[in-house]
Amino acid sequence: MIFGAIEAGGTKFVCAVSDENLQILERSSIPTTTPEKTMTKVIEFFSKYDVDAIGIGSFGPIDVNPTSATYGYITKTPKVAWQNYPFLAEMKKHFDVPYGWTTDVNAAAYGEIKKGVAFGSNSCIYITVGTGIGAGIVVDNQVIHGFGHPEAGHILVRRHSDDQFEGNCPFHHDCLEGMAAGPAIEKRFEKKAQELGEDHKAWELEAYYLAQALVNYTLTVSPDKIIFGGGVMKQTQLFPLIYQEFDRLMNDYVETPLLEEYIVPCQLGDNAGITGCLLLAIDALEKKLQN
Ligand code: ADP
Ligand code: ZN
């Protein structure tokens, strides 16, 4: 059996094929330019293989509602060339196989629960803090879709009393992403996040906003684990600051697992998304065979 995976990101599409044991046979990184150029290369990549199913984790927002006329589309993305792009239909034109279709962060959450740091749990939230903030949610071993998919990177947060930054989100200004994604840090302090020292005031603010998100996620979903990925979280000094702020905000209302075990860095790193996509491909094939 051959399974395909596409982790479709804003800067690159990572494509991979594996056998049924998730052993990667080939992997390729294709720059995200226009749908025409990028998708031609994606299709070329998979044409070399007789794939049995494909899992896609895409940047979004995307339409994940199977009853919708635009199911399988990338919808409102700020990337103009990709707005209202029928991603899944384009793939189906070339490869008539079962598909898994979800957000990039849902796929990463699925990878981490099946093969990574949340292995053995029933539920987890994966939050990436990078160019944007996105969160994927798995409950009862299923990625969460409702009428759409979670957009938990855009939850509303309380402003820190020392923070004058107006916020960076084109839709909400000072939502979590607008206040705490990499570009927000850079605009606020006029320096790239990776160039700020470990003791910079930025990290206290960052922890202040991220801890609010995690408290809200905990109160809403009560997941077994919360997993952090993304470039900004390479600043590992953030973890103790987040634990401290989380404790302060929660104020003993909910007794969570030990924070060092509950709020953790991702384990699969750059492989989380691709692993999740391959697993979703396998699930899609199994589902088809059962019907
Ligand atoms: P993307 O979100 O595009 O997939 P990343 O997760 O690497 O990619 O996020 C890029 C953002 O993360 C940039 O805003 C960058 O400044 C920030 N970043 C990358 N590496 C670090 C680091 N070591 N420390 C702090 N911020 C970082
Ligand atoms: Zn927002």
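Residues numbered from 1 in each chain as written. Chains lettered and ligands numbered in written order. Predicted model: local features only at pLDDT ≥ 70, side-chain atom pairs only at ≥ 80, totals over all residues. Heavy atoms only, no water.

1. Examining the coordination of the zinc ion (ligand 2)
Line of reasoning, step 1. Note on the zinc ion (ligand 2): its protein donors are His154 (ND1), Cys169 (SG), His172 (ND1) and Cys175 (SG). The metal-donor distances range over 2.1 to 2.3 Å.
Line of reasoning, step 2. Here the zinc ion (ligand 2) is ringed by four donor atoms whose angles at the metal span 103 to 118°, and the overall shape comes out tetrahedral.
Line of reasoning, step 3. Positions of the donor residues of the zinc ion (ligand 2) along the chain correspond to the pattern H-x14-C-x2-H-x2-C.
Line of reasoning, step 4. A relative accessible area of 3% means that Cys169 is categorised as buried.
Line of reasoning, step 5. Residue class for Cys175 comes out buried when judged on its relative accessible area of 0%. (Donors = N, O, S within 2.8 Å, 3.2 Å for Na, K, Ca; no water. Tetrahedral: all angles 85-135°; square planar, octahedral: opposite > 155°, others 65-115°. Buried < 20%, exposed > 50% of the residue type's maximum accessible area, 1.4 Å probe, protein only.)

2. Let's talk about the packing of aromatic side chains
Line of reasoning, step 1. Throughout the structure, instances matching the rule amount to 13 aromatic pairs.
Line of reasoning, step 2. Both rings, one in Phe13 and one in Trp82, keep their centres 5.3 Å apart while their planes meet at 35°; by these two values the pair is tilted. On the criterion of sequence distance, the pair formed by Phe13 in strand β2 (residues 12-18) and Trp82 in the loop between β4 (53-58) and α2 (87-94) is long-range, its members being 69 residues apart.
Line of reasoning, step 3. In this structure Trp82 comes out as buried when scored by relative accessible area, which is 1%.
Line of reasoning, step 4. With a centroid separation of 6.2 Å and 75° between ring planes, the pair formed by Phe46 and Phe95 is classed as edge-to-face. Here Phe46 is found in helix α1 (residues 35-47), whereas its partner Phe95 is found in the loop between α2 and β5 (99-103), with 49 residues between them in sequence. Like Phe95, Phe46 is buried. (Phe/Tyr/Trp six-rings, centres within 6.5 Å; stacked < 30°, edge-to-face > 60°. Helix = DSSP H or I, 4+ residues; strand = E, 2+ residues; numbered from the N terminus.)

3. Focus on a negative patch on the surface
Line of reasoning, step 1. A cluster of acidic residues, Asp247, Asp252, Glu255, Glu260 and Glu261, forms a negative patch on the protein surface.
Line of reasoning, step 2. Looking at the element boundaries, Asp247 is found in helix α7 (residues 238-250).
Line of reasoning, step 3. Residue Asp247 is classed as partly exposed on the basis of its relative accessible area, which comes to 47%. (Patch = residues over 30% accessible without salt bridge, like charges linked within 9 Å, V, L, I, M, F, W, Y side chains within 5 Å. Areas by Shrake-Rupley, 256 points an atom, 1.4 Å probe, with all protein chains shown as cover. Salt bridge = Lys/Arg side-chain N within 4 Å of Asp/Glu carboxyl O. Lys, Arg positive; Asp, Glu negative; His and termini not counted. Charge placed at Lys NZ, Arg CZ, Asp CG, Glu CD.)

4. Re the packing of helix α5 (residues 182-189) against helix α6 (residues 201-221)
Line of reasoning, step 1. It is the contact of α5 with α6, at a shortest axis distance of 11 Å, that shows an interaxial angle of 140°. Relative to α6, the element α5 lies oblique. Between α5 and α6 lies a crossing whose hand is right-handed. Along the contact surface, α5 presents Ile185, Arg188 and Phe189, while α6 presents Ala202, Trp203, Leu205, Glu206 and Tyr209. (Axes fitted to C-alpha atoms, helices over the stretch in contact; angles between N-to-C directions. Parallel < 35°, antiparallel > 145°, perpendicular 65-115°, else oblique. Left-handed = near helix turned anticlockwise from the far one by under 90°. Contact = heavy atoms within 4.5 Å.)

5. Side note on the site of ligand 1
Line of reasoning, step 1. Gly130, Thr131, Gly182, Pro183, Ala193, Gln194, Gly230, Gly231, Val232, Lys234 and Gln235 make up every residue found near ligand 1.
Line of reasoning, step 2. Note that an oxygen atom of ligand 1 is positioned 2.7 Å from one of the side-chain N or O atoms of Gln194.
Line of reasoning, step 3. A distance of 2.8 Å separates a nitrogen atom of ligand 1 from a polar side-chain atom of Gln235.
Line of reasoning, step 4. Burial of ligand 1 by the protein chains amounts to 67% of its free accessible area of 560 Å².
Line of reasoning, step 5. Here the shell around ligand 1 is composed, by residue class, of three nonpolar, seven polar and one charged. (Near = heavy atom within 4 Å. Polar contact = N/O pair within 3.5 Å; in protein donor to acceptor, adjacent residues only side chain to side chain. Nonpolar A, V, L, I, M, F, W, Y, C, P; charged D, E, K, R; others polar.)

6. Re the domain arrangement of the protein
Line of reasoning, step 1. By domain assignment, the protein separates into domain 1 (3-104 + 270-290) and domain 2 (117-266).
Line of reasoning, step 2. Every contact between the two is made by seven residues of domain 1 and, on the other side, six residues of domain 2.
Line of reasoning, step 3. At the surface where domain 1 touches domain 2, the tally comes to zero salt bridges.
Line of reasoning, step 4. Counting every contact that joins domain 1 to domain 2 gives three residue pairs in polar contact (both at pLDDT 80 or more). (Domains from an automatic or database assignment.)

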